[in-house]
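The residues making up each chain are set out below.
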Amino acid sequence: MRVSLSWLRDYVDLPSEKAQLQALLGRLEMAGLTIDAIEQPWAGARGISAGLVLRVQKHPELDKLLVADVDLGPAGKVTLVSGAGNFRAGDIVPVVAAGGALPGGQTIGPVEFKGIVSQGMMCSAAELGLGHGTEAEDRIVILPAGTAPGTDCISLLGLDDEVLELDLTPNYAVFCQSMLGVAREVAAVSGAALREPAPGTGDHALTGPASSSAARDLASGEAGQAAAVVIAAPELCDRYSGALFEDVVVGPSPLWMQRRLIAGGLRPLNSLVDVTNYVMLELGQPLHAFDFDTLSGRRIVVRRAAHGERLVSLDGTERELGPDDLAIADADRAVAIAGVMGGANTEISPTTRRVFLESAHFAPISVRRTSRRLGLRTEASIRFEKGVDPSGTVRAIERAAGLFSEIGAARRVSGVIDVVAAATTPMTVRVSTDYVRTLAGAPIAGAQMVSLLATLGLDASVEPGPAGPDGAGSTLRVEVPTRRSDIEGGADIVEEIARAYGYDRIEPALPSGGMPLTARPARRAATMAAGQVLRGYGLDELVTFSYHSAAEFDRLMLPPDHPWRLSIPLANPMTEDQARMRTSLVPNLLRVLGYNAGYGVTDLHAFEINRVYLPQSLPLTDLPSEPLRVAIVLTGTAPGAANWRGGDGPVDFYLLKGVIEGLAESMRLDNLSFEPGTAAFTRRGRTATISCDDRALGWLGELTADAAAGYGLRPPVYLAELDFETMIELSGPYRVFRGLPRFPAVQRDLAFVVPDDLPAARVTRIIAEAGGETLTDLRLFDVYRGAQVGAGKRSLAFALTFRSPEQTLTDEQVDLTCAQIVGRMADAGGVLRAQ
Amino acid sequence: MKRLAELGRKARSEVAAAGDPDALRELELRYLGRRGELTLILRSLGDLSPEERPAAGQQSNQLRRELTELIGARAQEMRALPESKSEATDRLDVTLPGTLPSPGRAHPLMRVWQEVEDIFLGMGFDVVEGNEIETDYFNFEALNVPRDHPARDMQDSFYVSRDIVLRTQTSPVQIRMMRQMAPKLPVRLVHAGRVFRRDDDITHSPMFHQVEGLLVDRGIGLQHLKGVLLEFARRFYGAETQVRMRPSYFPFTEPSAEVDVTCAWCRGKGCRVCKGTGWVEILGAGMVHPNVLRHGGYDPEQVTGFAFGMGLDRQAQLRFEIDNVRLLFVNDWRLLGQV
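Small disclaimer: the values here were computed from a predicted structure and weren't measured.

Novice: For this particular structure, what's the right way to read the interface of chain A and chain B?
Specialist: Many descriptions give the size of an interface as the accessible area lost when the pieces come together. Each partner contributes to the interface: chain A provides 87 residues, whereas chain B provides 87 residues. Summing both partners gives a buried area of about 7400 Å² for chain A against chain B, and 59% of it is carried by carbon and sulfur. A per-residue breakdown of the area chain A buries against chain B is headed by A:Tyr503, A:Val543 and A:Asn572, which together make up 9% of the total. Where chain A packs against chain B, one counts seven salt bridges. Of the charged contacts in the structure, one is a salt bridge between A:Asp540 and B:Arg105, with a shortest N-O distance of 2.9 Å.

Novice: Looking at this structure, how should I read the pairing of strand 34 (residues 717–723) of chain A?
Specialist: In the case of a regular strand, side chains alternate between the two sheet surfaces. Residue and element names in this part refer to chain A. The buried fraction of strand 34 is high, at seven of seven residues. A two-sided burial pattern is seen for strand 34, the buried positions comprising Val717, Leu719, Glu721 and Asp723 on one face and Tyr718, Ala720 and Leu722 on the other. Bridge count for strand 30 (residues 628–635) against strand 34 is seven bridges, and the pairing is antiparallel. By the bridge assignment, isoleucine 632 is partnered in strand 34 with alanine 720.

Novice: Honestly, unusual backbone geometry in this entry has me stumped. Any pointers?
Specialist: Outside of glycine, negative phi angles account for most residues, and trans bonds account for most peptide bonds. For the peptide bond that leads from A:Leu618 to A:Pro619, omega is -5 degrees, which places it in the cis range. Mapped onto the secondary structure, A:Pro619 falls in the loop between strand 29 (604–611) and strand 30. The amide bond that connects B:Ala182 to the next residue, B:Pro183, takes the cis arrangement and shows omega of 5 degrees. By the element assignment, B:Pro183 lies in the loop between helix 8 (172–181) and strand 4 (187–196). You will see that A:Asp694, though not glycine, has its phi angle at about 65 degrees, which is positive. Tracing the backbone shows A:Asp694 in the loop between strand 32 (682–692) and strand 33 (695–703).

Novice: Please clarify how the environment of A:Arg372 should be interpreted in this entry.
Specialist: Residue and element names in this part refer to chain A. Summarising the element assignment, arginine 372 is placed in helix 9 (residues 364–374). Since its relative accessible area comes to 31%, arginine 372 is described here as partly exposed. Through-space distance from the C-alpha of arginine 372 to that of alanine 787 is 79 Å; in sequence the pair is 415 residues apart.

Novice: Can you walk me through helix 17 (residues 586–598) of chain A in this structure?
Specialist: One full turn of an α-helix is made of 3.6 residues, so residues set three or four places apart face in the same direction. With 13 residues, helix 17 of chain A should reach 18 Å at 1.5 Å per residue; the first-to-last C-alpha distance of 18 Å fits that figure. Of the positions making up helix 17 of chain A, those classed as buried are A:Val586, A:Pro587, A:Asn588, A:Leu589, A:Leu590, A:Val592, A:Leu593, A:Gly594 and A:Asn596.

Novice: I'm lost on the side chain of A:Arg523 in this one. Help?
Specialist: The topology assignment puts A:Arg523 in helix 15 (residues 522–536). In terms of polar contacts, A:Arg523 uses its side chain to reach the side chain of A:Glu725, at 2.3 Å. A polar contact of 2.7 Å, which involves the side chain of A:Arg523, links it to the side chain of B:Glu129. Each residue touching A:Arg523, except ones within four places of it in the same chain, is listed here: A:Arg611, A:Glu626, A:Pro627, A:Leu628, A:Glu725, A:Ile728 and B:Glu129.

Novice: Would you mind showing me how to read the packing of helix 6 (residues 108–122) of chain B against helix 11 (residues 312–320) of chain B here?
Specialist: The relative placement of two packed helices comes down to the angle between their axes together with the axis-to-axis distance. All names here are of chain B. One can describe the packing of helix 6 onto helix 11 by two numbers: an axis separation of 9 Å at closest approach and a directional angle of 110 degrees. Judged by the angle between their axes, helix 6 and helix 11 are roughly perpendicular. Contact with helix 6, carried on its side by Pro108, Leu109, Arg111, Val112, Trp113, Glu115 and Val116, involves Leu312, Asp313, Gln315, Ala316, Arg319 and Phe320 of helix 11 and no other residues of that element. Among the residues making up the contact of helix 6 with helix 11, the classes are represented as eight nonpolar, one polar and four charged.

What counts and how
Residues numbered from 1 in each chain as written. Chains lettered and ligands numbered in written order. Predicted model: local features only at pLDDT ≥ 70, side-chain atom pairs only at ≥ 80, totals over all residues. Heavy atoms only, no water. Contact = heavy atoms within 4.5 Å. Buried area = accessible area lost by both parts, 1.4 Å probe. Salt bridge = Lys/Arg side-chain N within 4 Å of Asp/Glu carboxyl O. Buried < 20%, exposed > 50% of the residue type's maximum accessible area, 1.4 Å probe, protein only. Helix = DSSP H or I, 4+ residues; strand = E, 2+ residues; numbered from the N terminus. Pairing = 2+ DSSP bridges. Expected span 1.5 Å × (residues − 1). Polar contact = N/O pair within 3.5 Å; in protein donor to acceptor, adjacent residues only side chain to side chain. Axes fitted to C-alpha atoms, helices over the stretch in contact; angles between N-to-C directions. Parallel < 35°, antiparallel > 145°, perpendicular 65-115°, else oblique. Nonpolar A, V, L, I, M, F, W, Y, C, P; charged D, E, K, R; others polar.

Listed below in C-alpha cells is the structure:
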C-alpha cells in the first residue's frame, strides 16, 4: 500500500515539522504498520514556477515551434520556445527556468533554436512526471487562472510529496488498504481527529464527518428500472450495488487526481476510470465502470462462469473461465471476472455515453482462487482477497458520484441499486477482562480497555462481574464493525488493546514455576559429540541440502534397483536440483568436493551428520523415516600431512578406517567388524562393509575413477557412510573399571608369514583365541611383503602382552601359550617367522 | 674433619671451573649423589666417637647445603652464557609449525544452532526433535492456517503429495509435543531444524533453519515472552542488548509480535546491518492462538502460552557477517576457512 502524505493530510492532521513527523511514523511502526520505504516520486524537481504567457508568436524559421514571452513574476520575463500548441496568451503555465531541473533531476539549460534562445522550458504533464499514458501527457500544463506568476509550482503541484510504502501484514491488509484506513490508524496513534470524506466533495473541499446514512434505494428509482441486478451465486457474492450515470465525458482527469493516483502507484487513464481508482485508493472499495450501452439486456447477472466460458479481459488477453470462477454477466455473456478484471466487451471508450458503476463484495477465497489460476493479480483482486468492508459498497458509489459530478465526468441517474444476498452484521465479541490482562501481560483496567479500543474506532463496554468492573468475572463487550473481518475472537481483541496500549509498555518478566528438567535428546547429543570427535581428526563439518537431482543416481552409476533410488520425489521442485529427497548424504558431499576442486581446493577432509529420508513405499502414503547418517569424505593430502617434514602422503583407506574406528570407540562400540564389500561407485578390493554386533553399520571405500571424474575430482577420494541411528542404539553409556593390574606383564613379539588372502582380522582372531585369558593386548605393528617372505605371502608382526590377574607369569607359562598360538596359526597356514 | 675441609675446597673450585651444564651435573653427582663423596662422608659419621659426631655432622650438612647452593647458582650463571656445543647440536627452530592436523571446523550454522540451544537449555527449555517431512494437518491446519490462506500456496511450499509437505516452519513441533504432553503443565521446549520454502534469492534459501520455542502454562502473557527473549538476547548478543516487540501477524499466534534487538554491531548507533535504525529484527513470536492450543489438546480458557520462531541461518549470517544466505550451504572452503 502506497500512502501519499499530502493526500493523507486530507483525512488527518500530520505534524508539519520533519522530526515530529518521523516520530509519528515511528509510533505507527510500533503499532504494527511496517513502513518499508519513504519515497519521493518527484524528487529532483527544482526551480519550477508559474509563468504568465504574455505573447505567443510563430518561430520565424521553424514553423512547428512557438515562441512565447513569459512573465515569471519576481524572476522577470523570459523568452521560451515550445513545440506544444495548447497554450495562448493569458495562460498560466509551469516553467522550469534555465538552471532548474525536472523531476528525476534532469537539468534544463538555455537552448538555442535557430537564433532564438529559450531561457527555460514550459512543462508538459509528462515532463512533470504526471499524466503518463494519457492524451494530456504532451500538452503544456495550464495552471488555474489567478495563479500568481512566480508561484512555486513544486509545492503547488505537489511535486514535493512523500509516499510511504507500507508492508501490510494480512490482518492490517483487511482494513488498511485504503487512505482512510491508514488515516484511521494514524489518528489512533496521534490522537488527531479523523476527517472522513463526504460524497460530493473533492480534493479541496472536505466537510466534517460523513453522513453514513447515505441514500440507499433498493433497486428503485431510475437506475433500478434501467438496469436489473441479479445475484445468482450468493455464496460468492453477498452484496452487489450499482448506479447508472449519464452525460459521460471521457477525458483526462484533473491534475490533482492524476498526481494522487501516481503517488498511489496507479496509472491515470481517463476521468471515469481514474475516479473508480481514486475511490478504491481512498475507501478501499474496488469499483468497476461498464459502458452501459454495451450491456446486453441491460442486466447484470452475478453467476458462476460456464465450463470453458471465454472472456477477453481489459488487458487484451483471452481468459478461459470455469464454474469455480465468479463472472459478472449481462443477459448473454460474461462481461467481467468478478473482483479481478473487467471485460474488453464492455470497456469504457471515448464514445461511451452511459456508465454502469459496480460496487460489490465478493468472497475473498473465490477471488483469490481465480486470480491465482489466471495469474492475474490486480489492485481490485488484492483488496478482495484480503478483505473489503461488505458494508461499504453504497458509500463508494456515493463518493464516486460526487467526484464524477465535481470534475464534470458524468451525472448520476438518481437511485442506487443495492442487492443484498446475505447481510453482514457487525459482530459482538465478549472476553473476560482477566483474560485480557493475562494475555497482554499488563495491568490494564476495564475502563482503559474501553478507551484504548475507542482510539481504534471500536466501541466497547465493560459488563462488571460480582466483584466490580475490574474484579474477576468482568466481561469486555466489543462491537466489531464489518470492516474489521480480521477480528474473530477474544485473542484478537487482546491484540488490539495491547497494540493501542503499546507493546513497549509491557514490562518483561520471567515465568516462574517448578524446577524444569531439561536435556538434549540422545540423537542430538550424540550428533554433537560425534561432530567433536570428527573435527578432532581434522575433518570440517558440512551442511548440505536435503535434496538433489535425480541425475545423481546415474552420476554414481547406481544400478536400477539400488535402494538409494527409492527416494521421495518433490511434486513441485523449483529446479532439477530439488527433484529428490536424499536417501544418502554422499551425492551432495561429492558435489561439495567437486565445487571446491573447481576452485583449486583439493585437500578436503569433511563430514556431515544429517538426515536422509526413507519412504516405506512410493508414492508416499505415510510419513517417511528420517534417520541420521554420518558421511565422511577424504581426498588430497592426509590431514596434517602437508607439513615441512615432507610427509605429504595422500589420504588412504586406512586413514578413513582409523577415523571410523575412532568414532566408534568414542561411542564405546565394541566388536566393530570390517568385511570386504562392494558398491556401485567404489573400487573393487578397496571397499568394506562395516558392522557391529552383527548389525550392519555402513561401508567405506575408494571412489572409482569414473565416479570421481563425474564430480570433477582427482583420485584418490575415500568416502564412508554409516547408519548413525544404529550406532547410537549400540552405543554403550560407559565401561566399568576393572581394577589396576596387580602383576607385571610379559611382552613378546611374534611374526607370521601367511598367505596374502588370509585377512589380518582372522589372524588376529586366531591369535586372540589361542592366547586365551592371559593375552591382554595384541597389536599389529608391521606388515611386510617382499622377497624375504616369498610371492603370494606376507608377514604380519604382532606385539603381544601377557598378564595374569592371579600371579606373575613365568617365561615357561608364556612360552607355552606362544607355542599354542604358533600351532593354531600353522593350522591356518601361518608360519612363525621370527620371535 | 680435615678431609671434609679438603673436599670443600676441591668441590668449590671445581664448581667454579665447570664449563657447561653437563660438567656441573657430573659434579653434583660426584659430590652430592647417592654415592657421592660428601654423601659417603655423611654416612661414615657413625664411625666417629660420640663426642666428635655432632660437630662433624653439622659441618658436613653445612657443606652439603653450601655445595647445593653453589651448584644451583653456577647453573643459573651458565644459562646466561652462550650455549654449549652439545646444546647447539640439539637446538630446535621453535618457530617451525607444529605437525599435528588442525582440528576441523564446525559449520557456522551449527555453531549458532548449538549456542542458541544451550541458552534455552540453561533457561529451562527442553530440547525436542521433530520431523522435516510433515502432514498438511500438522504443518498448516492445526496451526490455524485455514484452507486458501496465502501461506498454503503451491508457490510457497514444497509438496510431496496432496497431504504431505516439506514443513515450512518448525511450528508443527508445537502441536506434536503438546499432544504428547497434554494435559501436563508446563510445556516448555525448543526445537531447531530444517524448514523449506519455495524462495531462492540473496536473502532466501529454499532450505533454511529455524528454532522454535513454546511455553504453555497457566497465566502466561506477553510479559513472559518479552522477559524470556530479553534474557536470550542478552546472552546471545551481549549484556547490553535491549529488546522491543512490534505488533505483527502470524496465523498461529494472537497477539503476534515481531521482535527486534538493539544492533550488536553498532550498539544502536545505526549501521549497515541495522540499516541505520539501530534495531535488528530477529524473530516472530506471539501468544499461542486459542485454536492451536485446542489442536494441541489444551483448553485455551485454562492455559495460555507463547511461541517464537527464529531463523538460525540469519543469526549465523549476522554473527559471521556472511551477506548471502546461499553461501551457507555451498560449503566453500574459502568461506569455512575464514570463520
